[in-house]
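# Commentary on secondary and tertiary structure
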Amino acid sequence: DTGVSQDPRHKITKRGQNVTFRCDPISEHNRLYWYRQTLGQGPEFLTYFQNEAQLEKSRLLSDRFSAERPKGSFSTLEIQRTEQGDSAMYLCASSSGPSGLLYFGPGTRLLVL
Amino acid sequence: QKEVEQNSGPLSVPEGAIASLNCTYSDRGSQSFFWYRQYSGKSPELIMFIYSNGDKEDGRFTAQLNKASQYVSLLIRDSRPSDSATYLCAEAVSYNTDKLIFGTGTRLQVFP
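Residues numbered from 1 in each chain as written. Chains lettered and ligands numbered in written order. Predicted model: local features only at pLDDT ≥ 70, side-chain atom pairs only at ≥ 80, totals over all residues. Heavy atoms only, no water.

As a further point, take the environment of B:Arg77. Residue and element names in this part refer to chain B. Following the sequence through the fold, Arg 77 ends up in the loop between β8 (71–76) and β9 (85–92). The exposure class assigned to Arg 77 is partly exposed, which follows from its relative accessible area of 26%. It is 6.6 Å that separates the C-alpha atoms of Arg 77 and Ala 19, two residues lying 58 residues apart in sequence. Ignoring sequence-local partners within four residues, the contact set of Arg 77 consists of Ala 17, Ile 18, Glu 57, Gly 59, Arg 60, Phe 61 and Thr 62. There is a polar contact of 3.5 Å between the side chain of Arg 77 and the side chain of Glu 57. (Helix = DSSP H or I, 4+ residues; strand = E, 2+ residues; numbered from the N terminus. Buried < 20%, exposed > 50% of the residue type's maximum accessible area, 1.4 Å probe, protein only. Contact = heavy atoms within 4.5 Å. Polar contact = N/O pair within 3.5 Å; in protein donor to acceptor, adjacent residues only side chain to side chain.)

The next thing to look at is the state of the cysteines. All names here are of chain A. Enumeration over the complete set of coordinates arrives at two disulfides over all chains. In this model Cys 23 forms its disulfide with Cys 92; the gap between the sulfur atoms is 1.8 Å. Disulfide Cys 23 to Cys 92: torsion about the S-S bond roughly -70°, handedness left-handed. With Cys 23 in strand β3 (residues 19–24) and Cys 92 in strand β9 (residues 88–95), this pair connects stretches of sequence that are 69 residues apart. With relative accessibility at 0%, the residue Cys 23 sits in the buried group. (Disulfide = S-S within 2.5 Å.)

Further remarks concern the sheet that holds strand β8 (residues 75–79) of chain A. All names here are of chain A. As summarised here, the arrangement of the four strands in space is β1-β3-β8-β7, forming an open sheet in which the pairing is antiparallel. Only two strands of the sheet have a single partner each, and these edge strands are β1 (5–7) and β7 (65–68). Each strand of the sheet is rotated relative to its neighbour by a mean of 15°, with strand direction disregarded. As defined by bridge partners, β1 adjoins β3 across three bridges and the pair is classed as antiparallel. Bridge pairing in β3 places Gln 6 opposite Cys 23. (Pairing = 2+ DSSP bridges. Axes fitted to C-alpha atoms, helices over the stretch in contact; angles between N-to-C directions.)

This part is about the interface of chain B and chain A. Listed by partner, the interface residues are 20 residues for chain B and 25 residues for chain A. Carbon and sulfur atoms supply 52% of the area buried between chain B and chain A, which totals about 1700 Å² over both sides. In terms of surface lost to chain A, no three residues of chain B exceed B:Asp98, B:Lys99 and B:Phe102, which account for 35% of the buried area on that side. The tally of links between chain B and chain A comes to two salt bridges. Across the chain B-chain A interface, the total number found is nine residue pairs in polar contact (both at pLDDT 80 or more). Elements supplying a minimum of two residues to the side of chain B that touches chain A: β4 (33–38), β5 (45–50) and β10 (100–102) of chain B. A per-element tally of the side of chain B that touches chain A places β4(B) first, with three residues. Taken together, the residues of the side of chain B that touches chain A sort by class into nine nonpolar, eight polar and three charged. (Buried area = accessible area lost by both parts, 1.4 Å probe. Salt bridge = Lys/Arg side-chain N within 4 Å of Asp/Glu carboxyl O. Nonpolar A, V, L, I, M, F, W, Y, C, P; charged D, E, K, R; others polar.)

Another point: the sheet that holds β8(B). Residues and elements named next belong to chain B. Read across the sheet, five strands follow the order β1-β3-β8-β7-β6 without closing on themselves; strand pairing throughout is antiparallel. Both edges of this open sheet fall to β1 (4–5) and β6 (54–58), since each of them pairs with a single strand only. Inspection of the sheet shows β6 paired to strand β7 (residues 61–66) by five bridges, in the antiparallel sense. Its bridge partner lying in β7, Asp 58 is registered against Phe 61.

Let us look at the side chain of B:Ser32. All names here are of chain B. Looking at the element boundaries, Ser 32 is found in the loop between β3 (19–25) and β4. Given the relative accessible area of 13%, Ser 32 is considered buried. Apart from residues lying up to four places away in sequence, Ser 32 is in contact with Ile 50, Tyr 51, Ala 90, Glu 91 and Ala 92.

In terms of nonpolar packing, the biggest core is built from 22 residues, with B:Trp35, B:Val72, B:Leu74, B:Ile76, B:Tyr87 and B:Leu108 touching the most fellow members. Every element with two or more residues in this core is listed here: β3, β4, β5, β7, β8, β9 and β11 (106–111) of chain B. With four residues, the top contributor of residues to this core is β3(B). Those residues in contact with B:Leu108 that lie beyond four places of it in its chain are B:Leu11, B:Val13, B:Ala19, B:Ile76, B:Asp83, B:Ser84, B:Ala85 and B:Tyr87. Of all hydrophobic cores here, the second largest spans 19 residues; its members include A:Val19, A:Phe49, A:Ala67 and A:Leu77. (Core = buried A, V, L, I, M, F, W, Y, C linked by side-chain atoms within 4.5 Å.)

What follows is the structure in structure tokens.
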């Protein structure tokens, strides 16, 4: 039973560029979450999917952010026209939900120059 | 608006001591609470969860929930330098959900 995986683990980009991150959840988990974490803060909810349906998006998620989970398996998070304020750790988590336990992947650390 | 509050620390304890980490929450109706450990530069790792008032023990870890006072604690017995990490407290947004709201975390330092 492999855990949640994320790719890439690190990404450095220039302001204005687009970036895309991938998350592969634990295979039997139907719920997938994206969180963002900045230094000294706890993870902050961005969005989540149940199977292929995106059920909720945080109001903090600007229209530059989009997430997909086309076949109910892996998910992608895209950030368009990156800004320096987007620099953070982007965490993916999955669960067998609802009321399941949430398990995090290793995260993708984004640095926008 | 649900909120989870933690003292950012650092909390420094000597090796072998009991480390006590505390968390308070704003919503009296909250029912499910979780403790995650996060090493520097790594992602959060689930270590304990508790749903009922009282204590729940797992090895050296004990989670305590007091709904009347709206606090959750994590006790780490026989602390080791390898326990040095940030401990995140989280609560489920509502009953029967796995969406979590996190506190800012408490940094624990265990010195030899």
